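Coordinates in review
Below are the chains, spelled out letter by letter.
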Amino acid sequence: MQNITKITDGLIYLGGNDRRIALFESAFSVPAGVSYNSYLLLDEKTVLFDTVDSAVSDLFFENLEHALAGRALDYLVIHHMEPDHSATVFRLIEKHPNVQIVTSQKTSGMLKNYFPLSCENVQVVKEGDTMSVGKRSISFVSAPMVHWPEVMMSFIPEEGILFSADAFGTFGALGGAIFADEVNFERDYLDEARRYYFNIVGKYGIQVQNVLKKAAKLNIKLICPLHGHVWRKDLGWLLAKYDVWSKYEPEERGAVVFYASVYGHTQNAAEIVAAELAKRGVPVKVYDVSHTHVSNLLAEAFRYSHLVFCSTTYNNGIFISMENFISDLKAHFFQNRSYALVENGSWSPQAGALMEKEFSEMKSMRKVGEKVTVLSSVKEETRAELSALAEALTADFGA
Ligand code: FEO
């Protein structure tokens, strides 16, 4: 049965939720599911903004036909060709063979790669182009690499509505409420919005900054992303989060101790550093990198200002889960943080030097204190070194 929601007079939400998905993009845990958003504008012309993932396609098509109420679909605007939004494009064209696709040049090429389409009904638009659909018009904003190179956004200037593609989205299914101001977003969704941002577009901070500069010139009153809630209030708060995140600045001052431990001795060292930080008044969290999904670790690393990486040595290298985590940080252009190192090894401790090499290849990473080496287990003298490391971090934290 259809389940549509009116956003404004003439704009309807058609999307759906997937709470059974195990890994979004086969990479990111989504214990609270994810929503796939699609929007229909009913003006003199009818305009569909993106389709949905195949997981919610049946509901989507039922919603679309109900919302159209017998009208033809005139336009499909494709902002982003990633299949979580475009998987149902071909099925849509089969149902509405006369629909005109409006999209970027790059998307028009991708369409032919994904689907057996002649693309005769494709109208290519570029930044600054505008088309009238009746009382309203739609203008187009290029947003390359937020999150793929073909991405564009569109804007209805008469009503200040921005269709923002992946930007301003979040992991987590919608729980009935479509609007962010209908939920306690900061309490219930911000962590997932941050995790979504850094894992999906965290690498492309410069491109996000470029889009934010374009957005600053628009009189935006409503943001309609492809995942998560629609925003009609507190837009400044949301834009400020994206500004901090895309500048790679810490969102909060605080420490996180990440450890990879096989038999508990490296964990012991990590917990001692954390306790010593807490005693000195530094807010601190601790994560076992072998037991926390790397997408959560990544988001927490980007969130805080001071990080401690503790790894045992394994096969003459960094322990596998820590190596994977640091590799993921590097792939997302992680930068601009203070960090400290603890290593363990029973015959040839090397993890510390190898981790330091990785961080030296990232931008503006500042090593704090002396690397602490644990030989198998923490002794009194090692404890003193861990305490000294916490002291150095505390001094840097207060600086
Ligand atoms: Fe939600 Fe980049 O797709």
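Rules used in this analysis
- Numbers given to residues run from 1 along each chain, matching the order in which its sequence is written.
- In view of the model being predicted, local features appear only for residues whose pLDDT reaches at least 70, and side-chain atom pairs are presented and counted only at 80 or more, with totals across whole chains, interfaces and linings using the full set of residues.
- The basis for every side-chain value is the complete set of heavy atoms in the structure, and neither hydrogens nor water enter the calculation.
- Only strands joined by at least two bridges in the DSSP assignment are considered to pair.
- Only DSSP runs of H or I reaching four residues or more are called helices, and only runs of E reaching two or more are called strands; each is numbered from the N terminus.
- Fitted lines through C-alpha atoms give the axes, limited to the stretch in contact for helices. The angle between two N-to-C directions lies from 0 to 180 degrees.
- Contacts are residue-level and defined by heavy atoms, with any inter-residue pair within 4.5 Å sufficient.
- Domain start and stop points were drawn from an automatic or database domain assignment.
- In this description, buried area is defined as the sum, over both parts, of the accessible area (probe of 1.4 Å) that is lost when the two are combined.
- Within this document, salt bridges are pairs made up of a side-chain nitrogen of Lys or Arg and a carboxyl oxygen of Asp or Glu, the two lying within 4 Å of each other.
- Polar contact is the term for a pair of N or O atoms within 3.5 Å; when the atoms are in protein, one must be able to donate a hydrogen and the other to accept it, and sequence-neighboring residues count only if both atoms are side-chain atoms.
- Residue type decides the class: Asp, Glu, Lys and Arg count as charged, Ala, Val, Leu, Ile, Met, Phe, Trp, Tyr, Cys and Pro as nonpolar, and the leftover types, Gly among them, as polar.
- When a residue's accessible area, from a 1.4 Å probe over protein chains only, is under 20% of the maximum for its type it is buried; when over 50% it is exposed; and in between it is partly exposed.
- A crossover gets the label right-handed when its path from the first strand over the helix to the second runs clockwise, viewed with the strands pointing away from the viewer.
- Pairs were defined over the aromatic rings of Phe, Tyr and Trp, the Trp ring being its six-membered one, requiring ring centres within 6.5 Å. Orientation was assigned from the angle between planes: stacked under 30 degrees, edge-to-face over 60, tilted for the rest.

Notes on the sheet that holds strand β11 (residues 122-124)
- As summarised here, the arrangement of the seven strands in space is β1-β2-β7-β8-β9-β10-β11, forming an open sheet in which the pairing is mixed. Looking along the sheet, the strands with just one partner apiece sit at the ends: β1 (5-8) and β11. Averaged over all pairs of adjacent strands, the angle between their axes in this sheet comes to 25°, without regard to strand direction.
- Sheet contacts for helix α1 (residues 57-68): β2 (11-13), β7 (39-42) and β8 (46-49); angle to β7, the most-contacted strand, approximately 10°.

Quick look at the domain arrangement of the protein
- Structurally, the protein comprises domain 1 (5-246) and domain 2 (256-398).
- In this structure, domain 1 and domain 2 have C-alpha centres spaced 39 Å apart.
- Of all residues in domain 1, F198, N199 and K203 give up the largest surface area on contact with domain 2, accounting jointly for 51% of the area buried on that side.
- Our count for the domain 1 to domain 2 interface comes out at one salt bridge.
- Between D191 and R303 there is a salt bridge whose closest N-O contact spans 3.5 Å.
- Summed over the shared surface of domain 1 and domain 2, the number is five residue pairs in polar contact (both at pLDDT 80 or more).
- Elements with a minimum of two residues in the side of domain 1 that touches domain 2: β5 (28-29) and α6 (190-200).
- Per-element tally for the side of domain 1 that touches domain 2: the top contributor is α6, with five residues.
- Considered class by class, the residues forming the side of domain 1 that touches domain 2 number four nonpolar, three polar and four charged.

Remarks on the pairing of strand β9 (residues 75-78)
- Taking every second residue as pointing to the same face, both faces of β9 are buried, with Y75 and V77 on one and L76 and I78 on the other.
- As a crossover connection, the stretch from β8 through α1 into β9 is right-handed.
- Bridge analysis of β9 against strand β10 (residues 100-103) gives four bridges, and the strand direction is parallel. The residue of β10 that forms the bridge with L76 is I101.

A word on the pattern of salt bridges
- Under the counting rule described, the total for this entry stands at 26 salt bridges.
- Where E276 meets R383, a salt bridge forms, and the shortest distance between an N and an O atom there is 3.4 Å. Residue E276 is located in helix α9 (residues 265-279), and its partner R383 is located in helix α13 (residues 380-398); the two are separated by 107 residues in the primary sequence.
- Accessibility expressed as a relative area gives 8% for E276, which makes it buried.
- Classification of R383 by relative accessible area gives partly exposed; the value is 32%.
- Linked through salt bridges whose partners overlap, the residues forming this network are D191, R194, K241, E251, E252, K285, E300 and R303.

A short note on the side chain of T88
- Considering the arrangement of structural elements, one finds T88 in the loop between α2 (83-86) and α3 (89-95).
- T88 sits in the buried class, given a relative accessible area of 3%.
- What T88 contacts, discounting residues up to four positions off in sequence, is T51, V52, D53, S54, S57, F60 and F61.

Section: the packing of aromatic side chains
- Within the structure shown, the criterion is met by 29 aromatic pairs.
- Ring centres 4.2 Å apart and planes at 5° place the aromatic pair F198 and F302 in the stacked group. You can see F198 sitting in helix α6 and its partner F302 sitting in helix α10 (residues 294-303), a full 104 residues away along the chain. Note on accessibility: F198 and F302 belong to one class, buried.
- An angle of 20° between the planes, with centres 6.1 Å apart, marks the rings of F258 and Y287 as stacked. Of this pair, F258 sits in strand β17 (residues 252-260) while Y287 is found in strand β18 (residues 284-288), placing the two residues 29 residues apart along the sequence. By the burial criterion, F258 is buried, and Y287 matches it.
- The rings of F168, Y197, F198, Y242, W245, Y248, F302 and F334 are connected pair by pair, giving a single aromatic cluster.

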